[in-house]
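Next come the chains, spelled out residue by residue.
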Amino acid sequence: MIYRIIGLVCILTSILVLPYWIYVPVLFIGIVLFPFFWEGIVLVFLINVIHGGSVEFPAMLTSSLVLFVLVVLIVMLPIRKRLRSYV
Amino acid sequence: MKVNYLPKNRSRSVYFRRVLILIVIFVSGAMIFSLLNKFINSSVAPVWKVENRVTQAFSAGVIFFNSQKSLVAENMMLKERIHSLETELFVLSVEQKREDTFLELLGRKGESNKIIATVLTRPPQTPYDVITIDVGSNESITTGSKISMPEGSLLGTVSAVFSKSAQVKLFSSSGEETNAVLERNNVPITLVGLGSGNFRFELPRDIVIEVGDRILSSDVGTRHLATVGEVNIRPTDSFKEILAKSPINIFTLRFIFIEP
């Protein structure tokens, strides 16, 4: 749990101060590393809001980055069970 | 009678439950963030102001430790740059005076009270070619206000205004269409933003255009919008594709002017 919180803070900090070509991959690494990383959706909405993506309600649902994160999260649910982090 | 379900079915129900939770978070998150948009932006702006100050202080510290040789070289380069800019400024001021006289005669002299703003975030920190500036409704900025560089070239328009900050959508933002005119032959064109300060547009193959040609805004002020960077033409096409770039480096923006 502590790693999850540290990871969340790291991603949040990178969204605030680092270029997008760092924080977007870091977000996807978080999605792969942490099981059922629903916080990813919240973080990607935050990226949209603070960095000037679409902010109106229906348009926000069709944002490519947000949709991509949702799809990756859904795809990762069964795949992550089959992944082993040990040899 | 006791019924034993297969573990496979149980795992499938867990999977669908989790998918449902994700979709609920997705829809409710969109609603909550669209409602809290102004509050979140107002809360984040002070963080970026502090970051800007720390970055400036750090870069000043790095300059202090630069070697004498590199400082002398930089000094020489800057002197040459000042000389070339002074010449350019002289030519421009003569042309500007001529244009101002012409506009006054037509009764179209624009009275603009420009506001200077500091850029808080710029690409590549923002993925959508959007910049955040440190003035908002406190300085009577409105949505649609034009943004320009101190040198005069147009950059974009204000897309969202908050209490002490605002977001500016650059003309080079992906998919953004801007009316413009080619300086060489006064042909009206529509620039389409490609992101990262780049544009594209199409022209009939017979129209002459060369790398380095200037593209101007279509308003009375005719300000510099972009410079032609590449001309792609295939023998079978009746149109040619032109790639253009912003005259300034959007990755190093520090100050801009706003025309409310």
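The structure under discussion appears in the preceding block.
How each quantity is defined
Residues numbered from 1 in each chain as written. Chains lettered and ligands numbered in written order. Predicted model: local features only at pLDDT ≥ 70, side-chain atom pairs only at ≥ 80, totals over all residues. Heavy atoms only, no water. Helix = DSSP H or I, 4+ residues; strand = E, 2+ residues; numbered from the N terminus. Buried < 20%, exposed > 50% of the residue type's maximum accessible area, 1.4 Å probe, protein only. Polar contact = N/O pair within 3.5 Å; in protein donor to acceptor, adjacent residues only side chain to side chain. Contact = heavy atoms within 4.5 Å. Phe/Tyr/Trp six-rings, centres within 6.5 Å; stacked < 30°, edge-to-face > 60°. Lys NZ or Arg CZ within 6 Å of the ring centre and 35° of its normal. Pairing = 2+ DSSP bridges. Axes fitted to C-alpha atoms, helices over the stretch in contact; angles between N-to-C directions. Salt bridge = Lys/Arg side-chain N within 4 Å of Asp/Glu carboxyl O. Nonpolar A, V, L, I, M, F, W, Y, C, P; charged D, E, K, R; others polar.

## What about the environment of Gly61 of chain B?
Residue and element names in this part refer to chain B. Structurally, Gly61 is set in helix α2 (residues 37–64). You can call Gly61 partly exposed: its relative accessible area is 27%. Along the backbone, Gly61 and Ile189 are 128 residues apart, and their C-alpha atoms lie at a distance of 46 Å.

## Observations concerning the side chain of Ser148 of chain B
Residue and element names in this part refer to chain B. Counting through the fold element by element, Ser148 comes out in strand β3 (residues 146–148). Taking relative accessible area as the criterion, Ser148 reaches 0% and is therefore assigned buried. One polar contact links Ser148 to Glu259, side chain to side chain, over a distance of 3.5 Å. Excluding residues within four positions of it along the chain, Ser148 makes contact with Lys114, Ser153, Leu154, Leu155, Arg223, Ile256, Phe257 and Glu259.

## Some words on the packing of aromatic side chains
For the structure shown, the criterion picks out five aromatic pairs over all chains. Judged by centre distance (6.1 Å) and plane angle (25°), the rings of Phe45 of chain A and Phe26 of chain B are stacked. Residue Phe45 of chain A is located in helix α3 (residues 39–50), and its partner Phe26 of chain B is located in helix α1 (residues 7–35); the two belong to separate chains. Three or more aromatic residues joined by ring pairs make a cluster, and in this case those are Phe45 of chain A together with Phe26 and Phe33 of chain B. Of note, Arg18 of chain B hangs over the ring of Phe36 of chain A, and the distance from its end group to the ring centre comes to 4.9 Å.

## What about the sheet that holds β3 of chain B?
All names here are of chain B. Spatial ordering of the closed barrel is given by β1-β2-β5-β4-β3-β12, a layout of six strands whose pairing is antiparallel. Neighbour-to-neighbour, the strand axes of the sheet open up by a mean angle of 45°, direction not taken into account. By the bridge criterion, four bridges tie strand β1 (residues 115–121) to strand β12 (residues 255–259) in an arrangement that is antiparallel. Bridging from a neighbouring strand, Ile115 pairs with Ile258 of β12.

## Let's talk about the interface of chain A and chain B
The interface of chain A with chain B comprises 36 residues on the first partner and 29 residues on the second. At the boundary of chain A with chain B, the tally comes to zero salt bridges. Linking chain A with chain B are eight residue pairs in polar contact (both at pLDDT 80 or more), by the criterion used here. Within the residue set of the side of chain A that touches chain B, elements represented by two or more residues are α1 (2–17), α2 (20–33), α3, α4 (57–61) and α5 (64–82) of chain A. For the side of chain A that touches chain B, the element with the highest residue contribution is α5 of chain A, accounting for nine residues. Partitioned by chemical class, the residues of the side of chain A that touches chain B number 29 nonpolar, five polar and two charged.

## Examining the sheet that holds strand β7 (residues 188–195) of chain B
Pairing is antiparallel around the closed barrel formed by six strands, whose spatial order is β6-β7-β8-β11-β10-β9 (chain B). The average angle at which neighbouring strand axes cross in this sheet is 45°, direction not considered.

## So, the side chain of Thr132 of chain B
Residue and element names in this part refer to chain B. Take Thr132: it is sitting in strand β2 (residues 130–133). Looking at Thr132, the relative accessible area reads 2%, which means it is buried. Reaching out from Thr132, the side chain makes a polar contact with the side chain of Thr121 at a distance of 2.8 Å.

## What to know about the pairing of strand β11 (residues 239–245) of chain B
Residues and elements named next belong to chain B. A one-sided burial pattern is seen for β11, the buried positions being Lys240, Ile242 and Ala244 and the unburied ones Phe239, Glu241, Leu243 and Lys245. In the sheet, strand β8 (residues 198–204) pairs with β11 via seven bridges, with the strands oriented antiparallel. Within the sheet, the bridge partner assigned to Asn198 lies in β11 and is Lys245. In this structure, the hairpin formed by strand β10 (residues 224–232) and β11 is closed by a connection of six residues.

Read these as geometric descriptors, not functional statements.
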